[in-house]
Amino acid sequence: MELAYIPSPSSGVLYLGPVPLRGYAFSILAGLFVALWIVDRRWVARGGQKGTAWDIAFWAVPFGLIGGRLYHVITDYQLYFGEGRNWVDAFKIWEGGLGIWGAVALGAVGAWIGCRRRGIALPPYADALAPALALAQAIGRWGNWFNQELYGRETDLPWALHITSTAGGRVPGYYHPTFLYESLWCVGVALLVIWADRRFKLGHGRAFALYVAAYCAGRFWIEYMRVDEAREILGLRLNNWTAMIVFVLAIVYFVASAKLRPGRETVVEPGAAAASGAAGGATDGSAGGDDAPGEAGSGSGSEAAEPETAGKDDKADPPEAKEEAGPKKPDAGSKADASPKENDGTADKDATEPGDAKAEDVKTETARADSEDADSGTADSGDVRSKDEAGSAKKS
């Protein structure tokens, strides 16, 4: 009794009127857009400019599609150039057949061209791309489900894939859903790279090397489960050999890079750093201009502090103080100010700031008059002013 299984779609093509929407192509395109959105955010977080990832993708994506198709056609050429085959089918990419090895290899060439045109290095961009590429593969693998291809051995597990098509020599039955295994594995690889990149600050291409090594480890056992036709060398499928070789190369690069170039790049896109510096300088300049007048007590804002300390400043203008005090107490002010002016300048300054003689005696003899009593002193009687003047005269 069939308890549970993963059903296969009855058709891999959905028609929107006369326009066919193929599930395989849709999965590939969806994976690409998700990857570009992620790598753009990661690149900006690393210090790059927004939109750079899309500019590089203009070169990397076409190269990657061509490379993936070339790898598939070359390694499985009997499907297109064997007896009874039509070589034109080699160009029908929508029917399936993209080798990830060729896609990454030639896609890297396209990315290198795009990076050169932007004046940036390839390794930091590859680090930003690594988890995004893994998620793109996870989404793209569902294209195999639409085409009912690349499944594993027969199984009675509840998550078995039910194959119903007989095209291409398929035998209907229940098989391991290797497309699902690889999709889930790629999600795990993406999470691993994101975690390791944050934890260890991977740089100089090491995040990408980690992605490659982790993907190859999973691809080896998943490839070993598949039963579709493939070229074999010494009893192992060609993709198994490729996975082992690329795995070793990725580990060697990771270790060598960690020794030769530890740490992470501080500047990944010179243009973005220059633009950020210019913007920061403009912001600092405008902030300084706005803050200077309002900061009391700062070196540039000393003028703002004068209204509060003018009364305490020993260089406050005596005539102004007299003019302010004079109208309030015209009789006392005129009598009190007459005789000190004839003595010397010190008595004159002291007379303009009545009530400060006591403060001067407490602090130092050389301290100047304090104007705190300028306002209160004007309310005092003429006798108080006379006492202050007498004290000043004694000091002088």
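Located above this text is the structure these notes cover.
My aim in this report is to walk through the structure given alongside it, one point at a time. All figures in this text were calculated on a predicted structure; none of them were measured in a lab.

**Description of the environment of leucine 98**
The residue leucine 98 is located in the loop between helix 3 (78–81) and helix 4 (100–118) in this model. Relative accessible area serves as the criterion here: at 26%, leucine 98 is assigned to the partly exposed category. Between the C-alpha atoms of leucine 98 and leucine 70, which are 28 residues apart in sequence, the distance is 8.0 Å. Every residue in contact with leucine 98, bar those within four places of it in the chain, is listed here: Tyr24, Ile28, Leu65, Gly68, Arg69, His72 and Ile93.

**Looking at the packing of helix 1 (residues 23–45) against helix 2 (residues 52–75)**
Running from amino to carboxyl end, helix 1 crosses helix 2 at an angle of 145 degrees, the nearest separation of the two axes being 10 Å. As helix 1 packs across helix 2, the resulting crossing turns out to be right-handed. Mapping the contact onto sequence places Ile28, Leu32, Phe33, Leu36, Trp37, Val39, Asp40 and Trp43 in helix 1 and Thr52, Ala53, Trp54, Ala57, Val61 and Leu65 in helix 2. In terms of residue class, the contact of helix 1 with helix 2 is built from 12 nonpolar, one polar and one charged.

**A closer look at the nonpolar core**
Residues Trp101, Val189, Val193, Phe208, Tyr211, Val212 and Tyr215 are the most contacted members of the largest nonpolar core, which totals 25 residues. Tallying contributions element by element places helix 8 (residues 206–225) first for this core, with nine residues. Counting 17 residues, the second largest nonpolar core, distinct from the first, contains Ile56, Ala111, Tyr125 and Ala136.

**Description of the side chain of threonine 155**
Counting through the fold element by element, threonine 155 comes out in the loop between helix 6 (142–147) and strand 3 (161–163). At 3.2 Å, the side chain of threonine 155 forms a polar contact with the backbone nitrogen of leucine 157.

**Focus on unusual backbone geometry**
Despite not being glycine, histidine 204 shows a phi value in the positive range, around 55 degrees. Among the structural elements, histidine 204 can be located in the loop between helix 7 (178–200) and helix 8. Positive phi values are uncommon outside glycine, yet leucine 234 reaches one of about 55 degrees. Its place among the elements puts leucine 234 in the loop between strand 5 (232–233) and strand 6 (236–237).

**A short note on the pattern of salt bridges**
Applying the stated criterion across every chain yields a total of 14 salt bridges. For arginine 42, the salt bridge is made with aspartate 197, and the minimal N-O distance between the two is 3.0 Å. Here aspartate 197 lies in helix 7 and arginine 42 lies in helix 1, a separation of 155 residues in the sequence. You'll find arginine 42 and aspartate 197 in the same group, each marked buried.

Rules of the game
- Residues numbered from 1 in each chain as written.
- Predicted model: local features only at pLDDT ≥ 70, side-chain atom pairs only at ≥ 80, totals over all residues.
- Heavy atoms only, no water.
- Helix = DSSP H or I, 4+ residues; strand = E, 2+ residues; numbered from the N terminus.
- Buried < 20%, exposed > 50% of the residue type's maximum accessible area, 1.4 Å probe, protein only.
- Contact = heavy atoms within 4.5 Å.
- Axes fitted to C-alpha atoms, helices over the stretch in contact; angles between N-to-C directions.
- Left-handed = near helix turned anticlockwise from the far one by under 90°.
- Nonpolar A, V, L, I, M, F, W, Y, C, P; charged D, E, K, R; others polar.
- Core = buried A, V, L, I, M, F, W, Y, C linked by side-chain atoms within 4.5 Å.
- Polar contact = N/O pair within 3.5 Å; in protein donor to acceptor, adjacent residues only side chain to side chain.
- Salt bridge = Lys/Arg side-chain N within 4 Å of Asp/Glu carboxyl O.

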